[in-house]
Amino acid sequence: MSRVPLAALSLAVLIGCGDDSTVKPVPMIDNGPIELARANDKDPADGVFELDLTAAPAVVTYGESPETPAWAYNGSVPGPLIEVDRGDLLKVHFKNELPDETTIHWHGVRLPAAMDGTLAVQDAIESGDFFEYEFELKDAGLFWFHPHFMSDLQVQRGLYGTILVRGEDEPAFDRELVVVLDDVRLLSDGSIDEYPDDDGVTNGREGNTLLFNGVVNPTVRAQPGETLRLRLVNVANGRFFNLKIAGHDLRVVGTDGGLIPEPYDVASLPIAPGERYDVFVSLKGSDGDTFAITTEPYDRGHGTDKNESMLVAQLALEGSEVQGKPLPIAGPPGNPIEEPEASFSIILGEAFIDGEQKFTINDQVFPDVPDVMVPTGESRIIELENKTEQEHPFHLHGFFFQVIERDGEATPAAQRYDKDTLIVPMMSKLKLAARFDEPGMWMYHCHILEHAERGMMGMVDVE
Ligand code: C2O
Ligand code: CU
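Conventions adopted
- Residues numbered from 1 in each chain as written.
- Chains lettered and ligands numbered in written order.
- Predicted model: local features only at pLDDT ≥ 70, side-chain atom pairs only at ≥ 80, totals over all residues.
- Heavy atoms only, no water.
- Pairing = 2+ DSSP bridges.
- Helix = DSSP H or I, 4+ residues; strand = E, 2+ residues; numbered from the N terminus.
- Axes fitted to C-alpha atoms, helices over the stretch in contact; angles between N-to-C directions.
- Donors = N, O, S within 2.8 Å, 3.2 Å for Na, K, Ca; no water.
- Buried < 20%, exposed > 50% of the residue type's maximum accessible area, 1.4 Å probe, protein only.
- Core = buried A, V, L, I, M, F, W, Y, C linked by side-chain atoms within 4.5 Å.
- Contact = heavy atoms within 4.5 Å.
- Polar contact = N/O pair within 3.5 Å; in protein donor to acceptor, adjacent residues only side chain to side chain.
- Salt bridge = Lys/Arg side-chain N within 4 Å of Asp/Glu carboxyl O.
- pLDDT = per-residue confidence, 0-100.

1. Here we look at the sheet that holds strand S4 (residues 89–96)
Sheet strands pair via backbone hydrogen bonds, and the direction of the pair is either parallel or antiparallel.
Link 1 in the chain: Pairing in this open sheet of 4 strands is mixed, and the strands run S2-S1-S4-S6 from one edge to the other. Two strands in the sheet have a free side with no partner beyond their single neighbour: strand S2 (68–73) and strand S6 (130–136). Strand-to-strand twist of the sheet, defined as the mean angle between neighbouring strand axes without regard to direction, takes the value 20°.
Link 2 in the chain: Pairing of strand S1 (residues 48–60) with S2 involves 6 bridges; the strand directions are antiparallel. In the sheet register, Ala56 faces S2, and the bridge partner there is Ala72.

Structure below.
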């Protein structure tokens, strides 16, 4: 293990002390292989980020397993990390070199409907074809992108990437890592075990191999005392990660829509498919200490609590103790949506139809779910009810929503922050508020992709 001499460290700190030293991580220790591949900006102008993005078959290696035929954006799984500033314009020249059709959905990004990547707003992009995606990044936070065409298969094969949008007012940290959590079910020959039967459909598919930035059980290196900022996204089809770092609390400072007003501490953090969390950790220990990063048992229904604690990665501390940046104790004030009077309801259900397991919205299977109509600019309460014995991560395209009530109890003001993906507990009723300020056809669905592809999906028609 290489040790960085102190002199070099202080030099690194000095070099890191530019204008934006509160934002850029100080590279004291090389975390090379687990850092995500970064997208290069082809446009030198400020305020515009332009890239070529190609989806194509690729061969990847997961841990000790033989080579895995996968599908990848720009040749890597996860695909590239696109880092921009709030307000930047993103231009993506997309080429589909897959043998199948695809689209790209920009999960969580508020954009014009035509750029949203669903089949409600664009045709599937044929094999060999191009598509230009172009939109402004209006919100700071971590977002991600993935196909919205046979997403259960295409995401499973490796098509996903991240967008990190920086705000001007972010809390200081010593080290930062964008972390993409996934799992994949591999056969002994290295290939991905795709749907041989109905196994795994009811609960959503869980793989036998956990991936942390595409790597099996990697080591995250940091210095004792540092404040580590983890930008987490779960891109798995069905697995909820209940993330824990042994010996450390996690301070949650943000989620899907960016920083939250009141950060809070947890011993472990459940992250459903599609959700993002922004977490600060003050690293305790000394040179040579290692801590397990695990996903802990979590009951999302149907016996999933019997899952064991599983190792995701390790944290290794190296070097002498530093005085870390203080953990954030407050975030920016919230932006509560004024409670509208009009509402519509979405009931999540399950049904066995013609010998097949289906997942329903208001007792219908997509595309038979009637569209909800909302005039542009109006807000609505979404009465969301889960009538099943399992949790579903509800995702709305194009807009954030805020939880205003849980099973009849009003959400405290500080907890009315922006989400686009939310765990709906089993047999529960939630009230959400959303402002539908962008016209178009917008999808909502369960982000357990097996559930979405088997009916739990609908559309809001904003006009
Ligand atoms: Cu990330 Cu419609 O999904
Ligand atoms: Cu579901």
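2. Observations concerning the coordination of the copper ion (ligand 2)
Link 1 in the chain: The protein atoms donating to the copper ion (ligand 2) are His392 (ND1), Cys446 (SG) and His451 (ND1), with metal-donor distances spanning 2.0 to 2.1 Å.
Link 2 in the chain: Between consecutive donors of the copper ion (ligand 2), the numbers of intervening residues give the motif H-x53-C-x4-H.
Link 3 in the chain: Judged by its relative accessible area of 2%, Cys446 falls in the buried class.
Link 4 in the chain: Look at His451 and you get buried, because its relative accessible area is 0%.

3. Remarks on the nonpolar core
Link 1 in the chain: Trp106, Ile163 and Phe436 are the most contacted members of the largest nonpolar core, which has 61 residues in total.
Link 2 in the chain: In contact with Ile163, not counting residues within four places along its chain, are Ile82, Val84, Leu90, Trp106, Leu137, Gly141, Leu142, Phe143, Trp144 and Phe145.
Link 3 in the chain: In this structure, Leu230, Tyr277, Val279 and Ile293 belong to the second largest nonpolar core, which totals 32 residues.

4. Brief notes about the pairing of strand S12 (residues 227–234)
Link 1 in the chain: Within S12, 8 of the 8 residues are buried, which leaves it mostly tucked inside the rest of the structure.
Link 2 in the chain: Alternating residues of S12 divide into Thr227, Arg229, Arg231 and Val233 and Leu228, Leu230, Leu232 and Asn234, and every residue in both groups is buried.
Link 3 in the chain: Examined bridge by bridge, strand S9 (residues 175–184) and S12 share 7 bridges and lie parallel to one another. Note that in S12 the partner of Leu181 across the bridge is Asn234.
Link 4 in the chain: Where S12 and strand S17 (residues 276–282) come together, 7 bridges link them in antiparallel fashion. From the neighbouring strand, Leu230 faces S17, where its bridge partner is Val279.

5. Side note on the environment of Ala272
Link 1 in the chain: Take Ala272: it is sitting in the loop between strand S16 (269–271) and S17.
Link 2 in the chain: A C-alpha to C-alpha distance of 27 Å links Ala272 and Ala172, two positions 100 residues apart in sequence.
Link 3 in the chain: When sequence neighbours within four positions are dropped, the list of residues in contact with Ala272 reads Asn234, Phe240, Pro393 and Ile423.

6. So, the side chain of Thr209
Link 1 in the chain: Note that Thr209 resides in strand S10 (residues 209–212).
Link 2 in the chain: Thr209 gets classed as buried once you look at its relative accessible area, which sits at 13%.
Link 3 in the chain: Reaching out from Thr209, the side chain makes a polar contact with the side chain of Asn208 at a distance of 2.9 Å.
Link 4 in the chain: In this view, Thr209 contacts Asp182, Asp183, Val184, Leu186 and Val216; residues no more than four positions away in its chain are not counted.

7. Remarks on the pattern of salt bridges
Link 1 in the chain: Counted under the stated rule, the structure contains 33 salt bridges.
Link 2 in the chain: With a closest N to O distance of 2.8 Å, Arg110 and Asp139 form a salt bridge. Linking Arg110 in the loop between strand S5 (105–107) and S6 with Asp139 in the loop between S6 and strand S7 (141–146), this pair joins segments that are 29 residues apart in sequence.
Link 3 in the chain: Its relative accessible area of 22% is what places Arg110 among the partly exposed residues.
Link 4 in the chain: Residue classification places Asp139 among the buried residues on the basis of a relative accessible area of 15%.
Link 5 in the chain: Close ionic contact of Glu356 with Lys358 constitutes a salt bridge, the shortest N to O distance being 3.6 Å.
Link 6 in the chain: A residue is classified by how much of its surface remains accessible, and Glu356, at 42% relative accessible area, is partly exposed.

8. A short note on the confidence of the model for the protein
Link 1 in the chain: Mean pLDDT over the protein works out to 92, with 92% of the residues at or above the 70 mark.
Link 2 in the chain: Across residues 1–27 the pLDDT falls below 50, and counting only partners more than four positions away or on other chains, this stretch makes 27 contacts in the model.

9. Thoughts on the environment of Ala236
Link 1 in the chain: Tracing the chain through its elements places Ala236 in the loop between S12 and strand S13 (241–245).
Link 2 in the chain: Once residues within four sequence positions are removed from consideration, Ala236 is found in contact with Leu181, Asp182, Asp183, Phe241 and Pro273.

10. A short note on the sheet that holds strand S18 (residues 290–295)
Link 1 in the chain: Across the sheet, which stays open at both edges, the 5 strands sit in the order S11-S19-S18-S13-S16 with mixed pairing between neighbours. In the strand order of this sheet, the two ends are held by strand S11 (219–222) and S16, each with one partner. The sheet shows a mean angle of 25° between the axes of neighbouring strands, taken without regard to direction.
Link 2 in the chain: When S11 meets strand S19 (residues 310–317), the two strands line up parallel, connected through 4 bridges. Directly across from Val220, in S19, lies its bridge partner Leu315.

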